Amino acid sequence: MAQRPPSLTDRRKAAQTNSTGAMRWRFQGVEYALDMQHLEMALERELLQQANITAAQARQALIGGAPFGLAALTYLARRQAGERITYAMLEADMDRQLQAMAAAGELPDLEWLGDDDDEQGDDAGPPSPGASSAA
């Protein structure tokens, strides 16, 4: 007898609880997790169609200090967790937050909690959006 594939609910639970390939971060007090190993092809295609960027490119953009990388990864994390949201909605909201903070002279609250590259010594995480990436 053929084994039934896991349901969408089961896949979402696995994505949220499986920490072995997950990137984890906290932005403005909200914790996010993105399991890159279990990222569905349809979700990656959504990001590409809506933002013209891949998940890998978003990660590299964030490491380079580009806020749109954070927006793209946050979009993927929220969609992977089952939220119905568009990239444009999330990007607009995040842009408003970042602009308001910049106007008030505040830095964004971004804390990198873990990454699938931690075992390679890359545990510092990306810079905060709007922060200088020059050392």
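Residues numbered from 1 in each chain as written. Predicted model: local features only at pLDDT ≥ 70, side-chain atom pairs only at ≥ 80, totals over all residues. Heavy atoms only, no water.

**Student:** When you look at the sheet that holds strand β1 (residues 22-27) in this model, what are you seeing that I'm missing?
**Tutor:** Whether parallel or antiparallel, the strands of a sheet pair through hydrogen bonds between backbone atoms. With antiparallel pairing, 3 strands are arranged side by side in an open sheet as β2-β1-β3. Whereas interior strands pair on both sides, the edge strands pair on one side only; in this sheet they are β2 (30-35) and β3 (110-114). On average, each strand axis in the sheet is inclined to that of its neighbour by 20°, with strand direction left out of account. Bridge count for β1 against β3 is 4 bridges, and the pairing is antiparallel. In the sheet register, R24 faces β3, and the bridge partner there is G114. Where helix α4 (residues 67-80) meets the sheet, it contacts β1, β2 and β3, and its direction lies at approximately 80° from that of β2. (Pairing = 2+ DSSP bridges. Helix = DSSP H or I, 4+ residues; strand = E, 2+ residues; numbered from the N terminus. Axes fitted to C-alpha atoms, helices over the stretch in contact; angles between N-to-C directions. Contact = heavy atoms within 4.5 Å.)

**Student:** Could you clarify how one ought to interpret unusual backbone geometry in this entry?
**Tutor:** Apart from glycine, the bulk of residues carry a negative phi angle, and the bulk of peptide bonds sit in the trans form. Even without being glycine, Q28 reaches a positive phi, approximately 55°. Locating Q28 in the fold gives a position in the loop between β1 and β2. Phi angles above zero are rare outside glycine, and N52 is one such case at about 60°. Following the sequence through the fold, N52 ends up in the loop between α2 (41-51) and α3 (55-63). Accessibility expressed as a relative area gives 65% for N52, which makes it exposed. (Buried < 20%, exposed > 50% of the residue type's maximum accessible area, 1.4 Å probe, protein only.)

**Student:** Could you clarify how one ought to interpret the pairing of β2 in this entry?
**Tutor:** Note on strand geometry: in a regular strand, side chains alternate between the two faces of the sheet. Sheet analysis places β1 next to β2, joined by 6 bridges and oriented antiparallel. Bridge pairing links F27 to V30 in β2. Between β1 and β2, which follow one another and run antiparallel, lie 2 residues, and Q28 among them has a positive phi close to 55°.

**Student:** Hey, could you run me through the nonpolar core in this one?
**Tutor:** Side chains of nonpolar character tend, in soluble globular proteins, to be buried together. Grouped together as the largest cluster of nonpolar side chains are 26 residues, with contacts concentrated most on W25, F27, L34, L73 and L76. Mapped by element, the contributors of at least two residues to this core are β1, β2, α2, α3, α4, α5 (87-103) and β3. Of all the elements, α4 adds the most residues to this core, at 7 residues. Apart from the residues within four sequence positions on either side, F27 is in contact with Y32, L70, M94, Q97, L98, P108, D109 and L110. (Core = buried A, V, L, I, M, F, W, Y, C linked by side-chain atoms within 4.5 Å.)

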